[in-house]
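Chain by chain, the residues:
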Amino acid sequence: MATPIKQVPILSGKIAEAFVKEAEANERKPHGKLPPEREAAVRRVMREMEEFVPSWKRK
(Lines give C-alpha, C1' and ligand atoms only; values in the text may rest on other atoms or scores of the structure.)
Protein backbone atom coordinates (compact mmCIF):
# COMPACT_ATOMS: atom_id res chain seq x y z
CA MET A 1 0.00 0.00 0.00
CA ALA A 2 1.41 3.37 -0.99
CA THR A 3 1.84 6.22 1.45
CA PRO A 4 -0.16 9.27 0.39
CA ILE A 5 1.87 12.33 -0.58
CA LYS A 6 1.30 15.30 1.67
CA GLN A 7 0.21 18.49 0.02
CA VAL A 8 2.80 21.24 -0.10
CA PRO A 9 1.57 24.51 1.40
CA ILE A 10 1.46 27.36 -1.08
CA LEU A 11 2.15 30.88 0.11
CA SER A 12 -0.03 33.65 -1.21
CA GLY A 13 -0.89 37.25 -0.51
CA LYS A 14 1.00 39.34 2.03
CA ILE A 15 2.76 36.30 3.49
CA ALA A 16 4.17 35.37 0.08
CA GLU A 17 5.26 38.94 -0.60
CA ALA A 18 7.00 39.17 2.79
CA PHE A 19 8.72 35.83 2.19
CA VAL A 20 10.04 36.86 -1.23
CA LYS A 21 11.14 40.27 0.08
CA GLU A 22 13.05 38.67 2.98
CA ALA A 23 14.62 36.04 0.70
CA GLU A 24 15.83 38.73 -1.72
CA ALA A 25 17.23 40.82 1.14
CA ASN A 26 19.09 37.77 2.51
CA GLU A 27 20.43 36.99 -0.94
CA ARG A 28 22.18 40.37 -1.10
CA LYS A 29 23.79 39.99 2.33
CA PRO A 30 27.39 38.86 2.38
CA HIS A 31 27.66 35.31 3.62
CA GLY A 32 30.31 32.72 4.05
CA LYS A 33 32.65 35.10 5.84
CA LEU A 34 34.19 33.91 9.08
CA PRO A 35 35.57 36.22 11.74
CA PRO A 36 39.39 36.35 11.63
CA GLU A 37 39.79 34.29 14.81
CA ARG A 38 37.59 31.53 13.39
CA GLU A 39 39.53 31.58 10.09
CA ALA A 40 42.77 31.19 12.05
CA ALA A 41 41.27 28.26 13.97
CA VAL A 42 40.16 26.57 10.74
CA ARG A 43 43.63 27.04 9.21
CA ARG A 44 45.25 25.59 12.35
CA VAL A 45 42.99 22.51 12.33
CA MET A 46 43.53 21.98 8.59
CA ARG A 47 47.31 22.20 9.07
CA GLU A 48 47.14 19.70 11.95
CA MET A 49 45.09 17.33 9.78
CA GLU A 50 47.62 17.54 6.95
CA GLU A 51 50.53 16.90 9.34
CA PHE A 52 48.82 14.06 11.23
CA VAL A 53 50.52 10.68 11.02
CA PRO A 54 48.59 7.65 12.31
CA SER A 55 50.31 5.64 15.03
CA TRP A 56 50.72 2.61 12.74
CA LYS A 57 52.70 4.71 10.25
CA ARG A 58 54.97 6.41 12.80
CA LYS A 59 58.56 5.29 12.91
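To start, this report covers the structure provided alongside it. (Residues numbered from 1 in each chain as written. Predicted model: local features only at pLDDT ≥ 70, side-chain atom pairs only at ≥ 80, totals over all residues. Heavy atoms only, no water.)

### Re the pattern of salt bridges
Counted by the stated rule, this structure contains 2 salt bridges. A salt bridge links R43 to E39; the nearest nitrogen and oxygen atoms lie 3.6 Å apart. One end of the pair is R43 and the other is E39, both in helix α2 (residues 36-51) and 4 residues apart, which spans about a single turn. Note on E39: relative accessible area 33%, which makes it partly exposed. Ionic pairing is found between E48 and R44, a salt bridge with its closest N-O pair at 3.3 Å. Of the two residues, E48 and R44 both sit in helix α2, 4 residues apart, roughly one turn of that helix. (Salt bridge = Lys/Arg side-chain N within 4 Å of Asp/Glu carboxyl O. Helix = DSSP H or I, 4+ residues; strand = E, 2+ residues; numbered from the N terminus. Buried < 20%, exposed > 50% of the residue type's maximum accessible area, 1.4 Å probe, protein only.)

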